[in-house]
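Results of the structural survey
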Amino acid sequence: MPNVEIPYWHPVIVHFPIALLIFGAGMAAVYAVVGRAFWRGVTLLAFAAGTLGAWAAVWTGEAIYEGVEGTPIVEALVETHEEFGEWALWLGVATTLVLVGVTVWARHTKRDAADPVAVRLIVLALALAAAGLVARAGHLGGTMVWGVAG
């Protein structure tokens with residue numbers, strides 16, 4: 001069996017925030033319509049995990065950049081890629097915190113009714129923005145890897 005090493009973890013890790021934040025945005029849409037605790041919980045889990053993945057992706061991004069620095073397509077796109085990734089991370093944090101806050105509030109007040117529409121719409125707006133940013137960061141990352149702009 002050949003010895004296989006993974007020199008950079010960034011390409012492995014980035015798939016988690018992309019999948020989880022986009023999935024979380026879909027669940028946020030369901031939560032926005034239904035407004036029940038179950039869908040809030042699914043959205044919260046997706047965003048908490050996706051945000052941790054985004055943090056890991058941002059953290060590991062620096063190491064891979066040091067290894068490919070000077071490559072023309074990387075130099076052209078890396079700054080924008082990094083900005084989109086960092087914004088996705090912060091919007092993931094914001095979405096997660098809003099969901100945690102409304103969960104604590106609902107449990108404290110022992111609410112059984114649907115969550116307020118305004119809260120659901122805020123969660124949806126944050127989630128869609130995070131999903132869009134992580135998708136764009138992923139597209140730019142793929143462009144840097146495969147060298148095809150479009």
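Residues numbered from 1 in each chain as written. Predicted model: local features only at pLDDT ≥ 70, side-chain atom pairs only at ≥ 80, totals over all residues. Heavy atoms only, no water.

Approximately 760 Å³ is the volume found for the largest pocket. Lining the largest pocket are 30 residues, and of these His10, Val14, His81, Gly141 and Met144 lie nearest its centre. Within the residue set of the lining of the largest pocket, elements represented by two or more residues are α1 (10–13), α2 (15–34), α3 (37–68), α4 (72–108) and α5 (117–146). Residue contributions to the lining of the largest pocket peak at nine residues, all from α4. Of the residues that constitute the lining of the largest pocket, the class distribution is 18 nonpolar, eight polar and four charged. Estimates place the volume of the second largest pocket at around 180 Å³. Forming the boundary of the second largest pocket are 14 residues, of which Ala37, Arg40, Thr103, Ala106 and Arg107 lie nearest the centre. Secondary structure elements with two or more residues in the lining of the second largest pocket: α3 and α4. (1 Å grid on protein atoms, 1.4 Å probe; cavity = no way out; pocket = protein on both sides within 12 Å on 5 of 7 lines; lining within 4 Å. Points joined across faces, edges and corners; volume = space filled by probe spheres on them. Helix = DSSP H or I, 4+ residues; strand = E, 2+ residues; numbered from the N terminus. Nonpolar A, V, L, I, M, F, W, Y, C, P; charged D, E, K, R; others polar.)

Take the packing of α4 against α5 next. Following both chains from N to C, one finds α4 and α5 inclined at 155°, their axes separated by 8 Å at the closest point. Between α4 and α5, the interaxial angle falls into the category roughly antiparallel. As for how α4 packs across α5, the hand of that crossing is left-handed. Tallied by class, the residues present in the contact of α4 with α5 amount to 23 nonpolar, seven polar and one charged. (Axes fitted to C-alpha atoms, helices over the stretch in contact; angles between N-to-C directions. Parallel < 35°, antiparallel > 145°, perpendicular 65-115°, else oblique. Left-handed = near helix turned anticlockwise from the far one by under 90°.)

This next bit is on α3. Taking 1.5 Å per residue as the helical rise, α3 with its 32 residues ought to reach 46 Å, and the 45 Å between its terminal C-alpha atoms agrees with that figure. Of all the bends in α3, the greatest measures close to 30° and is centred on Gly61. Once α3 finishes, Gly70 follows within two positions and takes phi at roughly 100°, a positive value. (Expected span 1.5 Å × (residues − 1). Bend = angle between axes of the 7 residues up to and from the residue.)

Before going further, it helps to spend a moment on a nonpolar patch on the surface. Residues Ile6, Trp9 and Val12 make up a contiguous nonpolar surface patch of roughly 280 Å² in combined accessible area. Within the element layout of this structure, Ile6 appears in the segment before α1. Of the residues examined, Ile6 reaches a relative accessible area of 42% and is grouped as partly exposed. (Patch = residues over 30% accessible without salt bridge, like charges linked within 9 Å, V, L, I, M, F, W, Y side chains within 5 Å. Areas by Shrake-Rupley, 256 points an atom, 1.4 Å probe, with all protein chains shown as cover. Salt bridge = Lys/Arg side-chain N within 4 Å of Asp/Glu carboxyl O. Buried < 20%, exposed > 50% of the residue type's maximum accessible area, 1.4 Å probe, protein only.)

Turning next to the side chain of Thr95. Examined against the element boundaries, Thr95 turns out to sit in helix α4. Once residues within four sequence positions are removed from consideration, Thr95 is found in contact with Phe47, Val123, Leu126 and Ala127. (Contact = heavy atoms within 4.5 Å.)

Here Asp115 is to be found in the loop between α4 and α5. With a relative accessible area of 2%, Asp115 lands in the buried category. When sequence neighbours within four positions are dropped, the list of residues in contact with Asp115 reads Tyr31, Gly35, Arg40, Val102, Ala106 and Arg120.

It is characteristic of soluble globular proteins that their nonpolar side chains tend to be buried jointly. Among the nonpolar cores identified, the biggest contains 19 residues, and Ala28, Tyr31, Phe47, Leu91, Leu99, Val123 and Ala127 are the most heavily contacted of them. At the level of secondary structure, the elements contributing two or more residues to this core comprise α2, α3, α4 and α5. Looking at this core element by element, the count peaks at eight residues for α5. With near-sequence residues (within four places) excluded, Tyr31 lies in contact with Arg36, Trp39, Arg40, Thr43, Leu99, Val102, Asp115, Val119, Arg120 and Val123. Listed in part, the six residues of the second largest apolar core include Val74, Leu77, Leu140 and Met144. (Core = buried A, V, L, I, M, F, W, Y, C linked by side-chain atoms within 4.5 Å.)

Spatial relationships are all this shows, so hold off on functional conclusions.
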